[in-house]
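One letter stands for each residue in the lines below.
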Amino acid sequence: MSELRWNPTLEQWTITATHRQNRTFLPPADFCPLCPTKPGAPEEYVTDVPASSYDIAIIENKFPSLKTPAAVPVVEGTDLYPVAPSDGVCEVVLYTQEHNSTLTQQPLYRLERLIRVWQERYTDLGSRPEVDYVFIFENKGKVIGVTIDHPHGQIYAYPFVPPTAKTELEAARKHLEKTGRRLWDDIVAAEIEDGRRIVAQNDTWIAFIPFYARYPYEVHLMPKRPVSKITDLTEAERWDMARNLKTVLQKLDNLFGFSMPYMMVMHQAPTDGGEYDFYRFHIEFYVPHRTETKLKYLAGSESGAGVFINDTLPEEKAAELRKVEPVTE
Amino acid sequence: MTKTVTKRDDGRATIYYSFDDEPEPQPANAEETGKAVPA
């Protein structure tokens, strides 16, 4: 069962999804639900991907937090506590049929194809009347809470604009009103002028650890040109995005010599019919490691006060990543 | 890019994207292939 419950103290929705308590949890590789189905397999061995092979596949999440049509909420809302059906879509993005691969290990041309699929999903899901925001992301590594080892990304199509996007949009709108300039135009210009926090760049894309990073290795990637959504990228920008992304992934993996866990999230324009030309499509990486053996936890200040404490300087961490060779083992 | 949508018995959609109509790029360098090269 799933529903939206309004939190009047933070003015944001919480999604209840009680059926997810029973979702698949770290199955052995032989029983991976995200591998293609073996040819001739009996019915009970058909995986979530019925085909015996695929280039890139999207499957609807078996245990979705959002689904259309949504279930009827189990409780009635009140003026104080509004409740809403959890309409939307939760998809799993399978960019390789190789169980032991990673996003880093995908050749460049496959990353470019994946970007085209992300574009198609943004357009398709964003065109649905119940969807206000298409959120593309990947959780990688058990330390992040991944419950299936097979490499995969996800897409949540929310029936509302989520709080972080709303805050960024509001900040960008205020900045435009105050200065007449786009916020991310100023951010990209400041990072290029300073240079110390840049991790990698090419003709049309740049990756840097921002001045205000909350995690030690919080790398942000974005087009240098004002582009508010992934579908606005030119072909050249799409290839440069693939190159920039692969370089950052390789550097993260080679930083400590193991496949780096991360959350990779994409922020872009809502699909609620508004105008968001002042916004900038970008990718943010949240890496849980603050050293090779120590993790950054979201403890009292981060979780309870919303104040991140970064134990490092972005200028120093970016210098570390710049020195790491972008090669794949 | 070709998109094919199928439905499972439980109603869930599976979308397959194939690129058979596109030539497989020749590996020009490590960045293109994802293979290791000497550091």
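Further up the page is the structure itself.
Nothing here was measured: the structure is a model prediction, and the numbers come from that model. (Residues numbered from 1 in each chain as written. Chains lettered and ligands numbered in written order. Predicted model: local features only at pLDDT ≥ 70, side-chain atom pairs only at ≥ 80, totals over all residues.)

**Q** Help me out: how do you make sense of the overall build of chain A in this one?
**A** Secondary structure summary: chain A contains 6 helices and 12 strands in total. For chain A, whose C-alpha radius of gyration is 20 Å, the value lies close to the compact-globule estimate of 20 Å for 329 residues. Reported as C-alpha extents along the three principal axes, the dimensions of chain A are approximately 60 × 55 × 40 Å. Burial status across chain A gives 40% buried among its 329 residues. Contacts in chain A between residues at least 24 apart in sequence constitute 66% of all its contacts with a sequence separation of at least 6. (Helix = DSSP H or I, 4+ residues; strand = E, 2+ residues; numbered from the N terminus. Rg over C-alpha atoms; globule rule 2.2 N^0.38 Å. Buried ≥ 20, exposed ≤ 12 C-beta atoms within 10 Å, placed from the backbone. Contact = placed C-beta atoms within 7 Å.)

**Q** What is the right way to read the pairing of strand 6 (residues 133-140) of chain A from this model?
**A** Two faces, one strand: in a regular strand the side chains alternate between the faces of the sheet. Residues and elements named next belong to chain A. For strand 6, the buried fraction is high: 6 of the 8 residues fall into the buried class. In the sheet, strand 6 pairs with strand 11 (residues 262-267) via 4 bridges, with the strands oriented antiparallel. What sits directly across from Asn139, in strand 11, is Met263. (Pairing = 2+ DSSP bridges.)

**Q** Is there a simple way to explain the nonpolar core in this structure?
**A** Side chains that are nonpolar tend, in soluble globular proteins, to be buried together. Residue and element names in this part refer to chain A. Residues Ala57, Leu94, Val134, Ala157, Val199 and Val248 are the most contacted members of the largest nonpolar core, which totals 73 residues. Ranked by residues supplied to this core, first place goes to helix 1 (residues 108-126) with 8 residues. If sequence neighbours within four positions are ignored, Ala157 has contacts with Leu66, Gly88, Val89, Leu125, Arg128, Val131 and Val134. (Core = buried A, V, L, I, M, F, W, Y, C linked by C-beta atoms within 7 Å.)

**Q** Sorry if this is basic, but what is going on with the packing of helix 1 of chain A against helix 4 (residues 235-256) of chain A here?
**A** Any two packed helices are characterised by the angle at which their axes cross and by the distance between the axes. All names here are of chain A. In contact at an axis separation of 9 Å, helix 1 and helix 4 are set at 120 degrees when each is read in the N-to-C sense. Comparing the axis directions of helix 1 and helix 4 gives the class oblique. In this structure, helix 1 meets helix 4 at a crossing whose hand is right-handed. Within the contact between the two elements, helix 1 uses Leu108, Leu111, Glu112 and Ile115 and helix 4 uses Arg238, Trp239, Met241, Ala242, Arg243, Leu245 and Lys246. Tallied by class, the residues present in the contact of helix 1 with helix 4 amount to 7 nonpolar, no polar and 4 charged. (Axes fitted to C-alpha atoms, helices over the stretch in contact; angles between N-to-C directions. Parallel < 35°, antiparallel > 145°, perpendicular 65-115°, else oblique. Left-handed = near helix turned anticlockwise from the far one by under 90°. Nonpolar A, V, L, I, M, F, W, Y, C, P; charged D, E, K, R; others polar.)

**Q** Explain the sheet that holds strand 2 (residues 12-17) of chain A here, please?
**A** Strands pair in a sheet through their backbones, by hydrogen bonds, and they do so in one of two ways: parallel or antiparallel. Residue and element names in this part refer to chain A. Sheet architecture is open: 3 strands sit in the order 2-1-4, paired in antiparallel fashion. The strands lining the two open edges of the sheet, one partner per strand, are strand 2 and strand 4 (83-85). Taking the axes of each pair of neighbouring strands and ignoring which way they run, one obtains an average angle of 30 degrees across the sheet. Alignment of strand 1 (residues 2-7) against strand 2, held across 6 bridges, turns out to be antiparallel. Of the residues in strand 2, the one forming a bridge with Ser2 is Ala17.

**Q** How should the environment of Ala51 of chain A be read in this particular structure?
**A** All names here are of chain A. By the secondary structure assignment, Ala51 is in the loop between strand 2 and strand 3 (56-60). According to the C-beta neighbour criterion, Ala51 is partly exposed, with 15 such atoms within 10 Å. For the pair Ala51 and Asp203, spaced 152 residues apart in the sequence, the C-alpha separation amounts to 39 Å.

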